[in-house]
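The lines below spell out each chain.
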Amino acid sequence: MLSRRTVSLLIRPRWIEAVELRQGWGRKWTLTKCGRMPVLNEGPEQLISAIQGALEAAKIRAKEVVLGLPSSEVLLRHFILPQMPESEWRSAIQFEVRKYIPFKVDDLVWNFHVVEQPQAHQLGVVFVGAQRVTVAHYTSLLARAGLKARAIESPSVGLARMILRGQPGLAEETFAVAEISGDAAHIILVKDGVPYFSRDVSLAGRDETKPIEDFLSTSGEAPAATAAAKGDDRLDVLLSELHYSFNYFLREFPADHVGRLFLCGEPVGDEWLELLTKELRLAVERTPVAFLARALGASFYAGAWATSIGLAMPGMGKHGIAMPLAWRADRREWRLALAIEASLRRLVLKAAAAAVGLLIATAVLMRGQVVAVQRQAELERQQRPATAVVDTSQLTIAELQALVDKANQRSQFMRRRVEQRILVTPKLEGIARSLPDGTWLSSMTYETIPGESAQPQHLLALRGYCFLGDKQGELAVVTSLSRRLKENPMLFQGFTTAKLTSVRSQLLEKFQVTSFEVSCASGGDGGS
């Protein structure tokens, strides 16, 4: 609980992007790994290959990821509702949002965030959604790539969360973010820590293949190394699109003021900041992610990975909004899990402090006992009879050779036993990796039988249960266990057989489950 890792996988139009974050002591996040892979051709096979390539480029081995959908596939809308009890929010939003979207609500996977406005007796609602067929398409691609989505989120939400993590004080301000990706840009406007507005714009006048060339580097470059030339016509287009976006937003919120603009994505030169500051009359800054850049070196430009980093960060607390389109548990279970995690973290810290105190006290008490034991050992050493020494000068050559042969036999015996041993710790890790969902172990036995031959026999027996609510599905999972174990080299090393020796249906706490026993052994006929 004191250290955890999260991985995000972002689907972009021309490449796949993966990052891994680690949270250590003090709940501080560190960017540990990142990688990109271009999507050179359309089609599911190319996407699957790019997904696997991005993870391999970053050397990420996780099997669960936070999936970021393409921004063009996600709807983000804002509207006002009259004040009502929280229990009625979802049904009212489901009815009201039909006015603002071109799809049936039943065809969407969606979520929302409500900002209560008690003085105006209103509710401000931010709605985010994606078509079910789109979500199903990308989750099926993940499954074919050997991955699971622990959450599915909007890139706009991840980008806003990244900025707020870098500067928590922005939670009370209204600001804009422009993520530049070659000839395209993603613009969001964030109010009270929530993205209220997002749009994708085209920045004309650039080679369409250039974004892939710019973003294939997994280490990134500092802004000064890739500063855009003053003649870059993308800057004029971006300025025009920002004016349009600000005007639209301020018509919806006339009392608001956009105070800052953050630039991220492709590094740009200082002339971009100077011109945008002058024309927009607000502070323009690069994305505040320096606190993560240290992990991969001073020259690493983490702003190029801002959206993926924000997706990997859990949306909790005042530093980031959470509106997952899908989660492996429902919202109530998710909140409960976060609360349990916080409680366990506190308990672990208290237990660690108590353990340190106990160790100090134990060290003081044991000091006197150590001295007493040392004195007793010295006394026994002095009273121990002298070890007999063989006088080899009185032995014949045949007798000396017999002693040498006997010593060699003992040495060879010990060497064989050490070489033939099987380490149990890697086996335990292999078992944990091989168990499918819905399966758990109730007992495990491991035995080494020396026998009369030079090759001992190793036996491993696993007993457990499978519960999926579907007998056929449980039977299929159980019968595949021996194959899973054989395919795991960490576990199967040293064994020659893996067999399902028992499977039956039984009642466990009023539920019908499938029990099983799988045995692995060395020697035998090598069957499965």
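What counts and how
- Along each chain, residue indices are assigned from 1 in the same order as the chain's sequence is written.
- Totals for whole chains, interfaces and linings use all residues, but because this is a predicted model, local features are given only for residues with pLDDT of at least 70 and pairs of side-chain atoms are given and counted only at 80 or more.
- As a rule here, side-chain values come from all non-hydrogen atoms in the structure, and water together with hydrogens is ignored.
- Helix numbering and strand numbering both begin at the N terminus, where a helix is a DSSP run of H or I of at least 4 residues and a strand a DSSP run of E of at least 2.
- Remark: exposure states derive from per-residue accessible area (1.4 Å probe, protein chains only) relative to the maximum for the residue type, with buried under 20%, exposed over 50%, and partly exposed in between.
- Note on contacts: a residue pair qualifies if any of its non-hydrogen atoms lie within 4.5 Å across the two residues.
- What sets the accessible areas is the Shrake-Rupley method with a 1.4 Å probe; for residues, cover comes only from the shown protein chains.
- The term nonpolar core refers to a set of buried residues drawn from Ala, Val, Leu, Ile, Met, Phe, Trp, Tyr and Cys, joined through side-chain atoms within 4.5 Å.
- Each reported salt bridge corresponds to a side-chain nitrogen of Lys or Arg within 4 Å of a carboxyl oxygen of Asp or Glu.
- Note on aromatic contacts: the rings of Phe and Tyr and the six-membered ring of Trp form a pair at centre separations within 6.5 Å, being stacked when their planes are under 30 degrees apart, edge-to-face when over 60 apart, and tilted otherwise.
- Placement of a positive charge over a ring is assigned whenever Lys NZ or Arg CZ falls within 6 Å of the ring centre and within 35 degrees of the normal to the ring plane.
- Here, a strand pair is defined by DSSP locating no fewer than two bridges between the strands.
- To obtain each axis, a line is fitted to C-alpha atoms, and for helices this fit is confined to the stretch in contact; angles are then taken between N-to-C directions over 0 to 180 degrees.
- Crossings are classed by handedness, with left-handed meaning an anticlockwise turn of the near helix from the far one by less than a right angle and right-handed meaning a clockwise turn.
- When residues are grouped by polarity, Ala, Val, Leu, Ile, Met, Phe, Trp, Tyr, Cys and Pro land in nonpolar, Asp, Glu, Lys and Arg in charged, and all others, Gly among them, in polar.

This brings us to the overall build of the protein chain. Scanning the protein chain from N- to C-terminus turns up 15 helices and 18 strands. For the protein chain, the residues scored as buried account for 42% of the 528 residues in total. Expressed as a percentage of contacts within the protein chain between residues at least 6 apart in sequence, the contacts between residues at least 24 apart total 66%. In the form shown here, the protein chain has an accessible surface area of approximately 29000 Å², with 55% of it arising from carbon and sulfur atoms.

With that settled, the discussion passes to the nonpolar core. Of all hydrophobic cores here, the largest spans 63 residues; its most connected members are Leu-238, Leu-261 and Leu-276. By residue number, the principal contributor to this core is helix H1 (residues 44-58), which donates seven residues. Setting aside anything within four residues of it in sequence, one finds Leu-261 in contact with Ala-176, Val-177, Ala-178, Leu-242, Leu-276, Leu-280, Leu-282, Ala-283, Val-284 and Glu-285. Grouped together as the second largest cluster of nonpolar side chains are 26 residues, Leu-164, Ala-171, Ile-188 and Ala-304 included.

Okay, the pattern of salt bridges next. In this structure the tally under the stated criterion is 17 salt bridges. Among the salt bridges present, the one from Arg-36 reaches Glu-17, with a minimum N-O distance of 2.6 Å. Residue Arg-36 is found in strand S3 (residues 29-38), and its partner Glu-17 is found in strand S2 (residues 15-23); the two are separated by 19 residues along the sequence. For the pair Arg-36 and Glu-17, one class covers both residues: buried. Put simply, Arg-144 and Glu-45 hold a salt bridge, and the shortest N to O gap is 2.2 Å. Residue Arg-144 is found in helix H3 (residues 132-144), and its partner Glu-45 is found in helix H1; the two are separated by 99 residues along the sequence.

In this section: the packing of aromatic side chains. The full count for this structure, using the stated rule, is nine aromatic pairs. Considering the side-chain rings of Tyr-196 and Phe-253, the 5.3 Å spacing of their centres and the 85 degrees angle between planes classify their relative orientation as edge-to-face. Taken together, the residues span a long stretch of sequence, with Tyr-196 in strand S11 (residues 194-202) and Phe-253 in the loop between helix H6 (234-252) and strand S12 (260-265) at a distance of 57 residues. Taken together, Trp-110, Phe-112 and Phe-127 form an aromatic cluster joined through their ring pairs. If you follow Arg-36 out to its NZ or CZ, it ends over the ring of Trp-305, 3.6 Å from the centre. We note Arg-90 situated over the ring of Trp-110; from NZ or CZ to the ring centre the distance is 4.2 Å.

Here four strands make up an open sheet; going across it, the order is S15-S16-S18-S17 and the pairing antiparallel. Of all strands in the sheet, those bounded by a partner on one side alone are strand S15 (439-449) and strand S17 (497-508). Adjacent strand axes in the sheet meet at a mean angle of 15 degrees when their direction is disregarded. The pairing of S17 with strand S18 (residues 511-521) spans eleven bridges and is classified as antiparallel. Across the sheet, residue Leu-507 finds its bridge partner in S18, namely Gln-512. Those strands touched by helix H13 (residues 471-479) are S15, strand S16 (457-466), S17 and S18, and its axis lies near 10 degrees from that of S18.

It is worth spelling out the sheet that holds strand S9 (residues 174-181) at this point. Reading across from one edge, S11-S10-S9-S12-S13 is the order of the five strands in this open sheet, with mixed pairing throughout. The sheet is open, and its two borders are formed by S11 and strand S13 (283-286), each paired with just one other strand. For this sheet the average axis-to-axis angle between neighbouring strands, irrespective of direction, equals 20 degrees. Pairing of S9 with strand S10 (residues 184-191) involves eight bridges; the strand directions are antiparallel. Within S10, the residue paired with Ala-176 across the bridge is Leu-189. The sheet strands contacting helix H4 (residues 155-166) are S9, S10, S11 and S12, and the helix crosses S10 at an angle near 65 degrees. Packed on one face of the sheet, helix H7 (residues 270-280) meets S9, S12 and S13 and runs near 155 degrees to S13.

Our focus in this paragraph is H7. Every α-helical turn comprises 3.6 residues, leaving residues that sit three or four positions apart pointing alike. Considered for burial, the residues of H7 that qualify are Glu-271, Trp-272, Leu-273, Leu-276 and Leu-280. Its buried side turned inward, H7 meets S9, H6, S12 and S13. One or two positions beyond H7, positive phi appears at Arg-281, with a value near 60 degrees.

For the rest of this paragraph, the subject is the packing of H6 against H7. Interhelical geometry of H6 versus H7 gives an angle of 35 degrees and a closest axis separation of 11 Å. When the axes of H6 and H7 are compared, the crossing they make is right-handed. Packed against H6, whose contacting residues are Arg-234, Leu-235, Leu-238, Leu-239, Leu-242, His-243 and Phe-246, the element H7 presents Trp-272, Leu-275, Leu-276, Glu-279 and Leu-280 at the interface. When the residues that make up the contact of H6 with H7 are grouped by side-chain class, the tally is nine nonpolar, one polar and two charged.

The element strand S4 (residues 64-68) is extensively covered by neighbouring structure, given that four of its five residues are classed as buried. Relative to S4, strand S1 (residues 4-11) is paired through three bridges, and the arrangement is parallel. Counterpart to Ser-8 in the pairing with S4 is Val-66. Two elements, S4 and strand S8 (residues 148-153), share five bridges in a ladder whose sense is parallel. What sits directly across from Glu-64, in S8, is Lys-148.

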